[in-house]
Amino acid sequence: WEKIDFDGWACLPVSFYIPLNVEMCGDVHISGIIEYYGSYEEFDRGDICETYEFETFVSDCPCYSFCPRTPGYWKNHPKAWPVDSIAIGGKTLTKKQAMFILWCPVKSRKNIILMKHLIAAILNVASGSDPSINDVIDQANECLASCFCDKDYKEELKNMLDVYNNGEDCH
């Protein structure tokens, strides 16, 4: 408890209705009342000398239960997959088909490289990591479904997915 003086009154907070020392994240709305009572030598309750109502909204600290993993992780940990099928480029692949892509040699094929990172990103989001990559996932799926997707654009999408999959922004 912290003793606080209001206009000559010695006040002691005895009612505080928010959790303290609790890590809060995501979108959190907090409201409550802080009541300060006049204190006596033995800290008995006196008359309320001050009351504060408060309200706040916290939304700048996202909380995710899973840090993203790389394509290499997912190809070596099939039991960790949270799904049994995955949509890539407008087609639904079984887990076995997606695993084949992850194990496929790259040999500078932009489609295969992009698919590997796309599979990893989709599995990461499905496992509980930050879903802010969903727009890039959608763009990569559209690119792979199109016959006219530029190789430089594929490289750009792969790079964004690679940064995400390596968890560089994971705390």
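Please refer to the structure placed before this passage.
Described below are features of the structure shown in this document. (Residues numbered from 1 in each chain as written. Predicted model: local features only at pLDDT ≥ 70, side-chain atom pairs only at ≥ 80, totals over all residues. Heavy atoms only, no water.)

1. Quick notes on the state of the cysteines
Rules: A pair of sulfur atoms, both from cysteines and within 2.5 Å, is called a disulfide here. Three exposure classes are used, based on accessible area relative to the maximum for each residue type with a 1.4 Å probe and protein chains only: buried under 20%, partly exposed in between, and exposed over 50%.
As enumerated under the stated definition, the model contains one disulfide in all. What pairs with Cys143 in a disulfide is Cys149, and their sulfur atoms sit 1.6 Å apart. Since a negative S-S torsion denotes a left-handed disulfide, the Cys143-Cys149 link at about -90° is left-handed. Its relative accessible area of 4% is what places Cys143 among the buried residues. Cys149 sits in the buried class, given a relative accessible area of 14%.

2. Focus on the pattern of salt bridges
Stated formally: By salt bridge we mean one thing: a side-chain nitrogen of Lys or Arg within 4 Å of a carboxyl oxygen of Asp or Glu. To qualify as a helix, a DSSP run of H or I must reach at least 4 residues; to qualify as a strand, a run of E must reach at least 2; elements of each kind are numbered from the N terminus.
Taken as a whole and judged by the stated rule, the model has two salt bridges. Its salt-bridge partner being Glu155, residue Lys110 comes within 2.8 Å of it at the nearest N-O pair. Of this pair, Lys110 sits in helix α3 (residues 110-126) while Glu155 sits in helix α5 (residues 151-165), and the two are 45 residues apart along the sequence. Owing to a relative accessible area of 26%, Glu155 belongs among the partly exposed residues under this scheme.

3. Quick notes on the environment of Ala140
Rule in force here: What makes two residues a contact is simply this: any of their non-hydrogen atoms within 4.5 Å.
Tracing the sequence through the fold places Ala140 in helix α4 (residues 134-145). We classify Ala140 as buried; its relative accessible area is 0%. For the pair formed by Ala140 and Gly89, sequence separation is 51 residues and the distance between their alpha carbons is 7.5 Å. In this view, Ala140 contacts Leu114, Leu118, Leu157 and Leu161; residues no more than four positions away in its chain are not counted.

4. Notes on the pairing of strand β6 (residues 91-94)
The criterion, for reference: In short, DSSP must find at least two bridges between two strands for them to pair.
Of the strand pairs in this sheet, strand β5 (residues 85-88) and β6 are connected by four bridges, and their pairing is antiparallel. Residue pairing for β6: Ile88 is matched across the bridge by Lys91. Hairpin connection between β5 and β6: a loop of two residues separates the two successive antiparallel strands, and Gly89 in this loop has a positive phi of roughly 55°.

5. Topic: the environment of Arg69
We count it as follows: Pairs of N or O atoms within 3.5 Å make up the polar contacts considered here, provided that, within protein, one atom can donate a hydrogen while the other can accept it, and that residues adjacent in sequence are counted only when both atoms are side-chain atoms.
Here Arg69 is to be found in the loop between β4 (45-58) and α1 (71-76). Owing to a relative accessible area of 29%, Arg69 belongs among the partly exposed residues under this scheme. For the pair formed by Arg69 and His117, sequence separation is 48 residues and the distance between their alpha carbons is 10.0 Å. Within polar-contact distance, the side chain of Arg69 engages the backbone oxygen of Cys67 at 2.7 Å.

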